[in-house]
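So the chains spell out like this:
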Amino acid sequence: MINRLTSLLQAANISLSDQQKQQLVAYVGLLDKWNKAYNLTSVRDPQQMLVRHILDSIVVAPQLIGSRFIDVGTGPGLPGIPLAIVMPDAHFTLLDSLGKRVRFLRQVQHELGLTNIIPVQSRVEDFPAEPPFDGVISRAFASLTDMVNWCHHLPGTEGRFFALKGVRPDDEIASLPAGYHCDAVVKLQVPQLDGDRHLVIIRQQ
């Protein structure tokens, strides 16, 4: 697994330490183990998890601005856990409403020794952002309009929304509510992944 991850990282032009690689592979191992009982992800093959979960998450890291992030609707910790591993100086709140997912996140936190994540069980509308976040991240969470409506209270004045999407969502961008502006749409390159990946960056005006 380490060798496969290393070759994928090289293809993506990403450099990580041996410890970071080991943590990412250990996370995939936990995801695979817990998935059998908890059904955390539809991806069953750990080799596919490396591409569709790990690489798909960490290619976003260079685009993130700030040091305090919240991953809303994180599920089994995607993209928050891979990002926390590759961005050890940043802090990630991992928010999900399902108890079984949050229990899994706490186990990952314990086994991988991650000190820069906080798993939280809460609905996003009920979660207070004190202090506000530099970035609100979501992956396959909701439409852009739903994201900014449900998460409007989370970013600080300079904060941004980072939405991981598949096909470039021009219709969703065009229908953003008043007061929100699309800063950028970044086409992401994920080795060995079929289909498009885009990161949409949104700011409050």
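Structural data are supplied above this passage.
So, here is what we can say about the structure in this document. It should be emphasised that the depicted structure is a prediction, and the values quoted were computed from it without experimental measurement. (Residues numbered from 1 in each chain as written. Predicted model: local features only at pLDDT ≥ 70, side-chain atom pairs only at ≥ 80, totals over all residues. Heavy atoms only, no water.)

**Description of the sheet that holds strand S7 (residues 198–204)**
With mixed pairing, seven strands are arranged side by side in an open sheet as S3-S2-S1-S4-S5-S7-S6. The open sheet terminates on both sides in strands that have one partner only, identified here as strand S3 (117–121) and strand S6 (180–187). Going from strand to strand, the sheet's axes swing by 20° on average, the running direction of each strand aside. By the bridge criterion, six bridges tie strand S4 (residues 133–139) to strand S5 (residues 155–165) in an arrangement that is parallel. (Pairing = 2+ DSSP bridges. Helix = DSSP H or I, 4+ residues; strand = E, 2+ residues; numbered from the N terminus. Axes fitted to C-alpha atoms, helices over the stretch in contact; angles between N-to-C directions.)

**Comments concerning the nonpolar core**
Residues Tyr 27, Ile 54, Ile 81, Met 87, Phe 92 and Phe 104 are the most contacted members of the largest nonpolar core, which totals 49 residues. For this core, the secondary-structure elements that each account for two or more residues are helix H1 (2–11), helix H2 (18–38), helix H3 (46–58), helix H4 (80–86), strand S2 (91–96), helix H5 (99–112), S5 and S7. Considering every element that reaches this core, the biggest residue donor is H2, with seven residues. Setting aside anything within four residues of it in sequence, one finds Met 87 in contact with Ala 61, Leu 64, Phe 69, Phe 92 and Asn 116. (Core = buried A, V, L, I, M, F, W, Y, C linked by side-chain atoms within 4.5 Å. Buried < 20%, exposed > 50% of the residue type's maximum accessible area, 1.4 Å probe, protein only. Contact = heavy atoms within 4.5 Å.)

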